Amino acid sequence: MLIVTNPEVSAVRDADRIIGLLEAENKGPGQLILNRVKMDMIRRGDMLSAEDVTDILAIRLIGIVPEDETVIPASNSGVPVTLNENSRAGVAFRNIARRLTGETVPFMQLDESSGGFFNRLAQWFAGGQNNRNS
Amino acid sequence: MSGFFDRFLNRGKEQSSAKSAKERLQFVLIHDRINLPPERLQQMKEEILAVISKYVDVAAEDVDIALEQRERNRNMLIAEIPFSKSRKVEDSAGAAADNTNAHTASATDDQHDTRAESPEDEAASDDETTDKPASQ
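Moving on, we get to the overall build of chain B. Scanning chain B from terminus to terminus reveals six helices and three strands. Scanning chain B from its N terminus toward the C terminus, one meets helices and strands in the order α-α-α-β-β-α-α-β-α. A total of 136 residues make up chain B; the buried ones form 4% of that total. When contacts within chain B are restricted to residue pairs at least 6 apart in sequence, those whose partners lie at least 24 apart make up 55%.

This part takes up the confidence of the model for chain B. All names here are of chain B. In the predicted model, chain B carries a mean pLDDT of 69, and 53% of its residues have values of at least 70. Taken as a whole, residues 92-114 scores under 50 in pLDDT and shows 19 contacts with residues more than four places along the chain or in a different chain. Scored below 50 in pLDDT, residues 120-136 makes 15 contacts in the model with residues more than four places away or belonging to other chains. Here the prediction assigns the complex a pTM of 0.64, and the interface score ipTM is 0.75.

Residues and elements named next belong to chain A. Pairing is parallel in the open sheet, where three strands are placed in the order β1-β2-β3. Taken across any chain shown, the strands that pair with only one partner, and hence form the sheet edges, are β1 (2-5) and β3 (60-66). Going from strand to strand, the sheet's axes swing by 20° on average, the running direction of each strand aside. Contacting β2 (31-37) and β3, helix α3 (residues 50-57) runs over the sheet at an angle of about 145° to β2. Along the sheet, helix α5 (residues 88-100) makes contact with β2 and β3, crossing β3 at roughly 160°.

To continue, consider unusual backbone geometry. The residue R36(A) is not glycine, and still its phi comes out positive at about 55°. Along the chain, the position of R36(A) falls in strand β2.

Once that is clear, we can look at the pairing of β1(A). Residue and element names in this part refer to chain A. Burial along β1 is one-sided: I3 and T5 are buried, and none of L2 and V4, which face the opposite way, are. Looking at chain direction, β1 and β2 are connected through four bridges and run parallel. The partner of I3 across the bridge, within β2, is L32. Tracing the backbone out of β1, into helix α1 (residues 9-24) and back to the parallel element β2 gives a crossover that is right-handed.

This part is about the nonpolar core. Ranked by internal contacts, the top residues of the largest apolar core, which has 22 residues, are L34(A), L57(A) and V65(A). With near-sequence residues (within four places) excluded, V65(A) lies in contact with I33(A), L34(A), N35(A), R36(A), V37(A), A89(A), A92(A) and F93(A).

Cut-offs used in this document
Residues numbered from 1 in each chain as written. Chains lettered and ligands numbered in written order. Predicted model: local features only at pLDDT ≥ 70, side-chain atom pairs only at ≥ 80, totals over all residues. Helix = DSSP H or I, 4+ residues; strand = E, 2+ residues; numbered from the N terminus. Buried ≥ 20, exposed ≤ 12 C-beta atoms within 10 Å, placed from the backbone. Contact = placed C-beta atoms within 7 Å. pLDDT = per-residue confidence, 0-100. Pairing = 2+ DSSP bridges. Axes fitted to C-alpha atoms, helices over the stretch in contact; angles between N-to-C directions. Right-handed = clockwise from strand over helix to strand, strands pointing away. Core = buried A, V, L, I, M, F, W, Y, C linked by C-beta atoms within 7 Å.

Here's what the structure looks like:
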């Protein structure tokens, strides 16, 4: 059984209710897919991390899907995002599928999207600049 | 340059919104899971105290009755209900000798706390070994 949720308070609360219902039917506990994760927001402390969510829900994580702009165009044109070799969300979904078939696949590193250390440093300084002006 | 240092020093000082989210969730889920909203819990606390007060003097202001979660389906009601500081002993006997007795009694009050832990569901009651206070 797979439970899919976003790292958002109302979504996690709903997921907890679903897990409760599954357990009541002896179909639990299921495994968790955390969808639409933004690593830079987690780093800033503005988004629950996968660890926070598994802590709260007390179920096993099977995949983390990053927020990805290729998802909506894929859905628009009716081509599964999993077929897009360049989509990070696609990779995440394929990894989940492999884990479901029993393969051991390491969780992907989600921080690549922020463009490396120097880019992050530049963003950080830019942030400091904005703070000073405001 | 001060903005730089402010930003640096402020980091971690204010609680991050993710941390608030986690705390908010933990609070709301413990009530969700046992289907007992905070108002009902408050009502229950008052009734428990009323019953206990019929038999012993309770230090009402120090009472702590709260829900606690060990893991999913391991919710407990933890009650710490200290007796009031031996007023009855002082009242009943005015002698100085008795006053010293009252003193020792209040010094050991902590050991006399009514400590009750009641497992919330059957799964928890199977396991008697969980009758210890949480280490977290």
